[in-house]
Amino acid sequence: TITTLSSTSFCPPQVDITGKHLLFEPFVPGETAFVYEIDLSSGAIVPMDVPGQQELGCPAVNVGRPSVAWLHPVENGEEVIVTNPDGSNPVVLAQHNTIYDPMWSPDGEILIYTAIDDDQTFRPLYSHQDAVTRFWPRDAGLVVDYTWLPDSSALLVAYYTQTDAVIGRLPRECVVTGGCEPTPLATFDIDSGMV
């Protein structure tokens, strides 16, 4: 055991770029989020000063390049902000009503996330390489989860259509430019649970 915590994480914990610290954001209802750095060798827990001061949360560590994507609350929603690993030099990439699950490609070149704006039932996927692109076609289905292939060549997406639960593949080019339909790899009964 490295350390013991009394709360679950608000977002998935992330190992920092050095591989020596775990970034952990406890879920405490009704309180402002705060990110802690846990030393993986000693278990020492230290609050991250800069993200706390800037109200940055849900860190997504870029292991391919030295940066971190964060979510930042604003008056009309949330922003995606990218900083240096220590939280300095913030750059706003996009703003939406609600943002979920930011994730970098393994090579560190593309950030993807789920966002909701006006239509609360559809959750489109967005990517950012040089600009923000809405790449998941609305008629493809309702996205449940996604992960990159280790070589960053494609994104695997778990989603529901009107008739099936599907695991599909989108090539990297489609994630960056949009306009592509996913290639189904496996199809399951719509009552199958996908978590």
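Numbers given for residues are sequential positions, taken from 1 along each chain in its written order. Reporting of local features is limited, given that this is a predicted model, to residues whose pLDDT is at least 70; pairs of side-chain atoms are given and counted only at 80 or more, and all residues count toward the totals for whole chains, interfaces and linings. Note that water and hydrogens are dropped before the side-chain values are worked out from all heavy atoms of the structure.

1. Considerations on the sheet that holds strand β2 (residues 21-24)
Here, strands pair whenever DSSP counts at least two bridges between them. What counts as a helix is a DSSP run of H or I of at least four residues, what counts as a strand is a run of E of at least two, and both are numbered from the N terminus. Pairing within the open sheet is antiparallel, and its 4 strands lie in the order β1-β2-β3-β4. Two strands close off the open sheet at either side, each with one partner strand: β1 (14-15) and β4 (45-47). Bridge count for β1 against β2 is 2 bridges, and the pairing is antiparallel. Note on β2: the bridge partner recorded for valine 15 is leucine 22.

2. Overview of the nonpolar core
Side-chain atoms within 4.5 Å link the members of a nonpolar core, which is a set of buried Ala, Val, Leu, Ile, Met, Phe, Trp, Tyr and Cys residues. Only protein chains enter the accessibility calculation, which uses a 1.4 Å probe. A residue is then buried if its area is under 20% of the maximum for its type, exposed if over 50%, and partly exposed in between. Among the nonpolar cores identified, the biggest contains 17 residues, and Ile112, Phe135, Trp136, Tyr146, Leu155, Val157 and Val175 are the most heavily contacted of them. For this core, the secondary structure elements donating two or more residues are β13 (142-148), β14 (154-160), β15 (164-171) and α2 (172-177). Contacts are residue-level and defined by heavy atoms, with any inter-residue pair within 4.5 Å sufficient. With residues near it in sequence (within four places) discarded, tyrosine 146 still touches Tyr100, Asp101, Met103, Ile112, Tyr113, Thr114, Leu125, Leu155, Leu156 and Val157. Ranked by size, the runner-up nonpolar core spans 14 residues in total, among them Cys11, Cys58, Val80 and Trp104.

3. Some remarks on the packing of aromatic side chains
The geometry of an aromatic ring pair is captured by the separation of the ring centres together with the interplanar angle, meaning the angle of the planes. Side-chain rings of Phe, Tyr and Trp, where Trp is taken by its six-membered ring, are said to pair if the distance between their centres is within 6.5 Å; with planes under 30 degrees apart they count as stacked, over 60 as edge-to-face, and otherwise as tilted. For the coordinates displayed, the defined rule picks out 2 aromatic pairs. A centroid spacing of 5.6 Å and a plane angle of 10 degrees characterise the contact between tyrosine 113 and tyrosine 126, whose relative ring orientation is stacked. One end of the pair, tyrosine 113, is in strand β10 (residues 111-116); the other, tyrosine 126, is in strand β11 (residues 125-128), and 13 residues separate them in sequence. When its relative accessible area of 1% is taken as the criterion, tyrosine 113 is described as buried. On the basis of an interplanar angle of 70 degrees and a centroid distance of 5.0 Å, the ring pair of tryptophan 136 and tyrosine 159 is categorised as edge-to-face. Taken together, the residues span a long stretch of sequence, with tryptophan 136 in the loop between β12 (132-134) and β13 and tyrosine 159 in strand β14 at a distance of 23 residues. The class for tyrosine 159 is buried, based on a relative accessible area of 3%.

4. Quick notes on unusual backbone geometry
The backbone of cysteine 58 sits at a positive phi, close to 50 degrees, despite the residue not being glycine. Of note in the backbone geometry, aspartate 101 takes a positive phi value of approximately 50 degrees without being a glycine. In this structure, aspartate 101 sits in strand β9 (residues 98-104). Residue classification places aspartate 101 among the partly exposed residues on the basis of a relative accessible area of 44%.

5. Describing the sheet that holds strand β5 (residues 57-62)
The sheet built from 4 strands is open, its strands ordered β5-β6-β7-β8 with antiparallel pairing. Across the chains shown, the open sheet's two edge strands, defined by having one partner strand only, are β5 and β8 (91-96). Strand-to-strand, the axes of this sheet are offset by a mean angle of 20 degrees, without reference to chain direction. Two elements, strand β7 (residues 77-83) and β8, share 5 bridges in a ladder whose sense is antiparallel. What sits directly across from glutamate 79, in β8, is glutamine 95. Axes here refer to lines fitted to C-alpha atoms; in helices the fit is confined to the stretch in contact. Angles between the N-to-C directions go from 0 to 180 degrees.

6. Description of the environment of phenylalanine 34
Tracing the chain through its elements places phenylalanine 34 in the loop between β2 and β3 (36-39). Residue classification places phenylalanine 34 among the partly exposed residues on the basis of a relative accessible area of 28%. Along the chain, phenylalanine 34 and aspartate 130 lie 96 residues apart, while their C-alpha atoms are 29 Å from each other.

7. Describing a nonpolar patch on the surface
Like charges within 9 Å and nonpolar side chains (Val, Leu, Ile, Met, Phe, Trp, Tyr) within 5 Å are joined into patches, using only residues over 30% in relative accessible area that form no salt bridge. The Shrake-Rupley method, run with a 1.4 Å probe, gives the accessible areas here. Residue values count only the displayed protein chains as cover. Salt bridges, as used here, are contacts in which a Lys or Arg side-chain nitrogen is within 4 Å of a carboxyl oxygen on Asp or Glu. Judged by side-chain polarity, Ile2, Val15 and Leu40 come together as a nonpolar surface patch covering roughly 220 Å² of accessible area. Secondary-structure assignment places valine 15 in strand β1.

8. Topic: the confidence of the model for the protein chain
Close reading of the predicted structure is inappropriate where its pLDDT is low. pLDDT is defined as a per-residue confidence score from the predictor, taking values between 0 and 100. Looking at the protein chain as a whole, its pLDDT mean stands at 87, while 91% of the residues score no less than 70. Helix α1 (residues 49-53) is the least confidently modelled element of the protein chain, averaging 65 in pLDDT, while α2 averages 96, the highest of any element.

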